[in-house]
Amino acid sequence: MLEILYRDEHLIAINKPSGLLVHKSFYAGEANTYAIQELRDQIGQYVYPAHRLDRKTSGVLLFTLDKDTLRIMNDQFATRQVEKKYLAILRGWAKEEETIDYDLINEDEIQQNAITFYHRLQTSEIDLAFGKHQTSRYCLVEAIPETGRMHQLRKHFKHILHPILGCRPYGCNKQNKLWLETFDMNKLMLHAHQLVINHPITKEKIILNATVNDEFKRVGRILNFDLSAYS
């Protein structure tokens, strides 16, 4: 059963598990189940995704319950009236805060402006030898993408040389292998923890929050991060 975060006669939001595709996609490949059909079957009516999350990304995923509401929400996302906040665990200690303004090439080979703001929440250094170093450093950040390009956060954090832990193909394969062998961890440490929208009908401000999953919590414990505000 999918965790429902919010529901009324126009909208429904879930906490999407990592590994679940939103819907069939040429770029994401095939799967046995999709969020759109799982939610439809769970509530007994059609749903329409208002935005997307990568297959490996967990967190707040918003659907509408009719096509008229979908058009309104599509306009809100297109005109950047929606605020999206993500938690990510990065390799190394990133700056305390930074705006990444770095164009990305989309799947059609078109260059697109992409902007991400992030601020560092916590840092960690653990006794995990890597290369010439006897310890390994990581940080927990909150990221707010101003644009919504495909794999934007994953590509942007790779660009600043602080890739997201567990990310493929935009991460550090040696770190990913180290975590798989040492901690049996192969998940992407990226979670959409908050979505702020204006209700398409009432215009009321709605804040949708999704708690982090068990694997994110486990990695947080390994790194001594305090995730109580997101659990």
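Residues numbered from 1 in each chain as written. Predicted model: local features only at pLDDT ≥ 70, side-chain atom pairs only at ≥ 80, totals over all residues. Heavy atoms only, no water.

> Would you explain unusual backbone geometry in this entry?
The phi angle of most residues is negative, glycine excepted, and most peptide bonds adopt the trans form. The omega torsion across Arg 168 and Pro 169 is 5°, close enough to zero to call that bond cis. Relative to the assigned elements, Pro 169 resides in the loop between α3 (152-159) and α4 (173-183). The phi dihedral of Glu 109 is positive, around 65°, even though this residue is not glycine. Relative to the helices and strands, Glu 109 resides in the loop between β7 (104-105) and β8 (111-112). Residue class for Glu 109 comes out exposed when judged on its relative accessible area of 65%. (Helix = DSSP H or I, 4+ residues; strand = E, 2+ residues; numbered from the N terminus. Buried < 20%, exposed > 50% of the residue type's maximum accessible area, 1.4 Å probe, protein only.)

> Is there a simple way to explain the pairing of strand β12 (residues 205-209) in this structure?
Every regular strand shows the same layout, with side chains that alternate between the two sheet faces. Burial of the side chains of β12 is restricted to one face: Ile 206 and Leu 208 are buried, whereas none of Lys 205, Ile 207 and Asn 209 on the reverse face is. Counted along the chain from strand β11 (residues 190-198) to the antiparallel partner β12, the turn is six residues long, and its residue Lys 203 has a positive phi close to 70°. (Pairing = 2+ DSSP bridges.)

> Looking at this structure, how should I read the environment of Pro 169?
Among the residues examined, Pro 169 registers a relative accessible area of 56% and is labelled exposed. Linking Pro 169 and Lys 158, residues eleven residues apart in sequence, is a C-alpha distance of 9.8 Å. Not counting the four nearest positions on each side in its chain, Pro 169 is found in contact with Arg 154 and Lys 158. (Contact = heavy atoms within 4.5 Å.)

> What am I meant to see in helix α5 (residues 214-222) here?
Two residues of an α-helix separated by three or four positions point the same way, owing to the 3.6 residues in each turn. Looking only at α5, the buried set comprises Glu 215, Phe 216, Val 219 and Gly 220. Buried residues in α5, looked at end-on, bunch into an arc of 145°, giving them a common side. In α5, those exposed residues whose orientation departs by more than 90 degrees from the buried face are Asp 214 and Arg 221. Between the side-chain oxygen at the start of α5 and the backbone nitrogen of Glu 215 there is a gap of 3.2 Å, and the oxygen is on Asn 213. One or two residues past the end of α5 sits Asn 224, with phi positive at roughly 60°. (Arc of directions from axis to C-beta. Polar contact = N/O pair within 3.5 Å; in protein donor to acceptor, adjacent residues only side chain to side chain.)

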